[in-house]
Amino acid sequence: DHDMQWLLVAIRGTLSFKDILTDMACKSVPFLEGQAHEGFVVATERLVKELRAKLPDEVARYPGYRVVLCGHSMGAAIAAMAAAVLRAEDDW
């Protein structure tokens, strides 16, 4: 979003059968300093891996822009968890 100077990452909520399986993997597992939904942790790890591969180029391309993650439903949970990981472990 050039008006807001945001690099926006939007994550959708449950849509596919694979997403339903992610929702159903609901055992609590370690995440950062606490516990989280297993399916969301796995999805967060995949997203963070992809973001770490792509965001550095975008951050360099748009200096001064803020990285903003958002989502709906399951996507909001994953966005919040990914933001927490990136804030804890990366220099954005």
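Up top is the structure.
Being a predicted model, the structure only gives us computed values, none of them experimental. (Residues numbered from 1 in each chain as written. Predicted model: local features only at pLDDT ≥ 70, side-chain atom pairs only at ≥ 80, totals over all residues. Heavy atoms only, no water.)

Q: Hey, could you run me through unusual backbone geometry in this one?
A: Among all residues except glycine, the phi angle is most often negative; among peptide bonds, the trans geometry is most common. With a phi close to 55°, Gln-5 is a non-glycine residue in the positive phi region. Following the sequence through the fold, Gln-5 ends up in the segment before β1 (6-11). Its identity is not glycine, yet Ser-73 carries a phi of approximately 60°, on the positive side. By the element assignment, Ser-73 lies in the loop between β4 (66-71) and α3 (74-89). (Helix = DSSP H or I, 4+ residues; strand = E, 2+ residues; numbered from the N terminus.)

Q: Could you clarify how one ought to interpret the pairing of β1 in this entry?
A: Where a strand is regular, its side chains alternate between the two sheet faces. Here β1 shows a clear split, with Leu-7, Val-9 and Ile-11 buried on one side and none of Trp-6, Leu-8 and Ala-10 buried on the other. As paired elements, β1 and β4 share 6 bridges and run parallel to each other. If you follow Ile-11 over to β4, its bridge partner there is Gly-71. (Buried < 20%, exposed > 50% of the residue type's maximum accessible area, 1.4 Å probe, protein only. Pairing = 2+ DSSP bridges.)

Q: What exactly am I supposed to notice about the packing of aromatic side chains here?
A: One pair of aromatic rings is described through two measures. These are the centre distance and the angle between the planes. Counted by the stated rule, this structure contains 1 aromatic pair. Ring plane angle 35° and centroid distance 5.1 Å describe the contact between Tyr-62 and Tyr-65, whose orientation is recorded as tilted. Note on accessibility: Tyr-62 and Tyr-65 belong to one class, buried. (Phe/Tyr/Trp six-rings, centres within 6.5 Å; stacked < 30°, edge-to-face > 60°.)

Q: Help me understand the nonpolar core in this model?
A: Phe-31, Val-41, Leu-47, Leu-51, Leu-69, Ile-78 and Met-81 are the most contacted members of the largest nonpolar core, which totals 20 residues. Those elements giving two or more residues to this core turn out to be β1, β2 (28-31), α2 (38-61) and α3. Other than its neighbours up to four places away in sequence, Leu-51 contacts Val-9, Pro-56, Leu-69 and Leu-86. (Core = buried A, V, L, I, M, F, W, Y, C linked by side-chain atoms within 4.5 Å. Contact = heavy atoms within 4.5 Å.)

Q: Before we go on, may I ask you to explain the pattern of salt bridges in this structure?
A: The tally for this structure, following the rule as stated, stands at 2 salt bridges. Between Glu-89 and Arg-52 there is a salt bridge, and its shortest N-O distance comes to 2.8 Å. With a gap of 37 residues between them, Glu-89 in helix α3 and Arg-52 in helix α2 connect regions that are remote in the sequence. (Salt bridge = Lys/Arg side-chain N within 4 Å of Asp/Glu carboxyl O.)

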